[in-house]
Amino acid sequence: MAKMMTAAQFLAALKAEGVPVRERKGWRTHNRNHKGKWGPLNGVMVHHTASGTDGIEQYVSSGSTALPGPLCHGLIEKSGTVVLVGWGRANHAGGGDPDVLRAVQAEQWPVPKTNEHDGSNGSVDGNPHFVGYECVNKGDGKDPWPALQLEAIARACAAVCRHYGWTVDSVIRHLDWSDWKSDPRGVDWNRMRSRIATILKGKPNATPFKSWADGDGDDVEQPEQPKPEQPSDPDAFPGVSKFGADANNSYVTRLGQMLVKRGGSRFYSVGPGPRWGDADRDATKAFQRAQGWTGSDADGIPGPSTWQLLVKGQGKSIPAATPAQKPVVSLANVIAASRKDPSAAQGKASHPADVKPVEAALLKLGFLSKSYASDGAYGTTTVAAYNAFRRSIGLKGTDASGDPGRQSLGTLGSRSGLFTVK
Ligand SMILES: [Zn+2]
């Protein structure tokens, strides 16, 4: 097995291909090797950032709480500069199809169509096996890919392939790996592959860096015209990256609107809106559970199946909330506990299932302090609290002491809203 490429070798390989490189402080040891495997390397994976330029370098380095950085090894800017972000295990590939991994290992192209994604049952972790490049592009099919950026992508991929003696067939896109992904959207992959193959056929940096595919290099100031868009399906699942913590986009709004139509309005006190929140997660989860799904299929993040059911108006709607069943307290048991517990050893409770709701109600109405309110024993403190409650509802004398009565217990249950009495 080939030795792992080192950070120094990665840097040298990029420089040898003539690609402009900028090193972030500490990139050589910025990784997630403490969290999982790194290696053996089998290929290179190309992504788009689904973002503009602002703040993206910091983001791919730090990541988020849900997805800690580094999120790639190199960030490829629109200018064609490759910013070195990390070396070692990085959160970029996630789970994907083991058949695709086998094809990359065997350098077979095209790879089989992926049937897996991060978290799916048959997926394998791609993070140990791929060098990852995040390329700055909004991924909306309109944001142009400048010629210099495309040339930098080709050279950066070629750099790793040349080091290992791989062909272009070791380079894949995130969309080849995960059926949730669409990146890098808008890159003509046949053209990219042929450029990488051409670079690998020649010596490193055989043409000035300005060149792209045709080698004319004179249109570098002109952003490439984006390809005429495929008539894209407006109902297509936009990818899981559009949802969850930090998501803020029109798909979140649309998700919320669809969930409201399907019985989810009680989850939204405001909105739905573009910024992802608990309401979106809870409503999505309720819809997924309504389909009978469990576990990671009902994690509150929409996948392709959830999305398809919503856009097509299929599947089961979210059922109305069922009021939680209130506990039924036995008057006889409360009376028995009130006679027995005060003289019993500390912490002895004769009917805790009946006494606990009574204590909770006394706590809620302000007659019992928190430290006494959950032991389930009808001790002297509970007796005093219960008697104070009785006085507060106008009972006097023997009606406000001795055995709890049906009237006072019923009033306590209904005023607190916590239990009914049998
Ligand atoms: Zn990606």
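Since we're looking at a predicted model, the values are computed, not measured. (Residues numbered from 1 in each chain as written. Predicted model: local features only at pLDDT ≥ 70, side-chain atom pairs only at ≥ 80, totals over all residues.)

1. Concerning the overall build of the protein chain
Put simply, the rule is: Strands here mean DSSP runs of E at least two residues long; helices mean DSSP runs of H or I at least four residues long; both are numbered from the N terminus. For a compact globule the rule gives 2.2 Å times the number of residues to the power 0.38, and the radius of gyration it is set against comes from C-alpha atoms. For the exposure call, what matters is how many other C-beta atoms sit within 10 Å of a residue's own: 20 or more marks it buried, 12 or fewer exposed, and in between partly exposed, using C-beta atoms placed from the backbone. Whether two residues are in contact is decided by their C-beta atoms, placed from the backbone, lying within 7 Å.
Looking only at helices and strands, one finds 13 helices and 10 strands in the protein chain. For 422 residues, the compact-globule formula gives about 22 Å, and the C-alpha radius of gyration of the protein chain, at 31 Å, lies well above that figure. Taken along its principal axes, the extent of the C-alpha atoms in the protein chain is 105 × 45 × 35 Å. Counting across all 422 residues of the protein chain, residues that qualify as buried make up 41%. Summarising the internal contacts of the protein chain: among those between residues at least 6 apart in sequence, 69% fall at separations of at least 24.

2. Let's talk about the environment of leucine 409
Relative to the elements of secondary structure, leucine 409 occurs in helix H13 (residues 406-416). On the basis of neighbour count, leucine 409 is assigned to the buried category, with 25 C-beta atoms found within 10 Å. Spatially, the C-alpha atoms of leucine 409 and alanine 283 are 37 Å apart, while their sequence positions differ by 126 residues. Sequence-distant contacts of leucine 409, that is, excluding residues within four places in its chain, are made with Val329, Leu331, Val334, Pro404 and Val421.

3. Let's talk about the sheet that holds strand E1 (residues 21-23)
Note the following rule: DSSP bridges decide pairing: two strands pair if at least two such bridges lie between them. Lines are fitted to the C-alpha atoms to define the axes, a helix being fitted only along its stretch in contact, and any angle between axes, read from their N-to-C directions, falls within 0 to 180 degrees.
Pairing in this open sheet of 6 strands is mixed, and the strands run E1-E4-E3-E7-E2-E8 from one edge to the other. Looking at strand neighbours, the two that pair on one side only are E1 and strand E8 (171-173), the edges of this open sheet. For this sheet, the mean angle separating the axes of adjacent strands, direction not counted, is 25°. Bridge count for strand E2 (residues 43-48) against E8 is 3 bridges, and the pairing is parallel.

4. Details of the confidence of the model for the protein chain
Selection rule: Note on scores: pLDDT gives the predictor's confidence for each residue, bounded by 0 and 100.
Here the protein chain averages 90 in pLDDT, while 95% of its residues score no lower than 70. Overall, residues 215-231 carries pLDDT values under 50, and its contacts beyond four positions in sequence, including any with other chains, amount to 21 contacts.

5. As for the domain arrangement of the protein chain
Condition: Throughout, the edges of the domains are those of an automatic or database domain assignment.
Domain annotation of the protein chain identifies domain 1 (7-201), domain 2 (240-312) and domain 3 (328-421). The centre of domain 1, based on its C-alpha atoms, is set 65 Å off from the matching centre of domain 3.

6. Overview of the pairing of E2
Side chains on a regular strand alternate between the two faces of the sheet. Burial analysis of E2 places 6 of its 6 residues in the buried class, the great majority of the element. On E2, burial covers both faces: Gly43, Met45 and His47 on one face and Val44, Val46 and His48 on the other are all buried. Note that E2 and strand E7 (residues 130-135) share 6 bridges and pair parallel. Residue pairing across strands places histidine 48 opposite cysteine 135, the latter belonging to E7.

7. What to know about the packing of helix H4 (residues 147-164) against helix H6 (residues 189-201)
Operational definition: An angle below 35 degrees is treated as roughly parallel, one above 145 as roughly antiparallel, one from 65 to 115 as roughly perpendicular, and anything else as oblique. In this scheme, a crossing is called left-handed if the near helix is turned counterclockwise away from the far one by less than a right angle; it is called right-handed if the turn is clockwise. The nonpolar class holds Ala, Val, Leu, Ile, Met, Phe, Trp, Tyr, Cys and Pro. Asp, Glu, Lys and Arg form the charged class, and all remaining residues, Gly among them, are polar.
Interhelical geometry of H4 versus H6 gives an angle of 50° and a closest axis separation of 9 Å. What the angle tells us is that H4 and H6 run oblique. Two packed elements cross with a definite hand, and for H4 against H6 that hand is right-handed. Note on element contacts: H6 touches H4 through Met192, Arg195, Ile196, Ile199 and Leu200, opposite Leu150, Ile153, Ala154, Arg155, Cys157, Ala158, Cys161 and Arg162. Each residue belonging to the contact of H4 with H6 can be placed in one class, and the counts come to 10 nonpolar, no polar and 3 charged.

8. Quick notes on the pairing of E7
Within E7, 6 of the 6 residues are buried, leaving the element largely enclosed by the surrounding structure. One ladder, built from 3 bridges, connects strand E3 (residues 74-76) with E7; its direction is parallel. Across the sheet, residue glycine 74 finds its bridge partner in E7, namely tyrosine 133.

9. A closer look at unusual backbone geometry
A cis amide bond links tryptophan 109 with the next residue in sequence, proline 110, at an omega value of 0°. A cis amide bond links aspartate 183 to the next residue, proline 184, at an omega of 0°. Here proline 184 lies in the loop between helix H5 (174-177) and H6. One non-glycine residue, glutamate 107, lies in the positive phi region at around 55°. Along the chain, the position of glutamate 107 falls in the loop between helix H3 (98-105) and strand E6 (124-125). One non-glycine residue with positive phi stands out, namely asparagine 205, at about 55°. On the neighbour-count criterion, asparagine 205 (14 C-beta atoms within 10 Å) is partly exposed.

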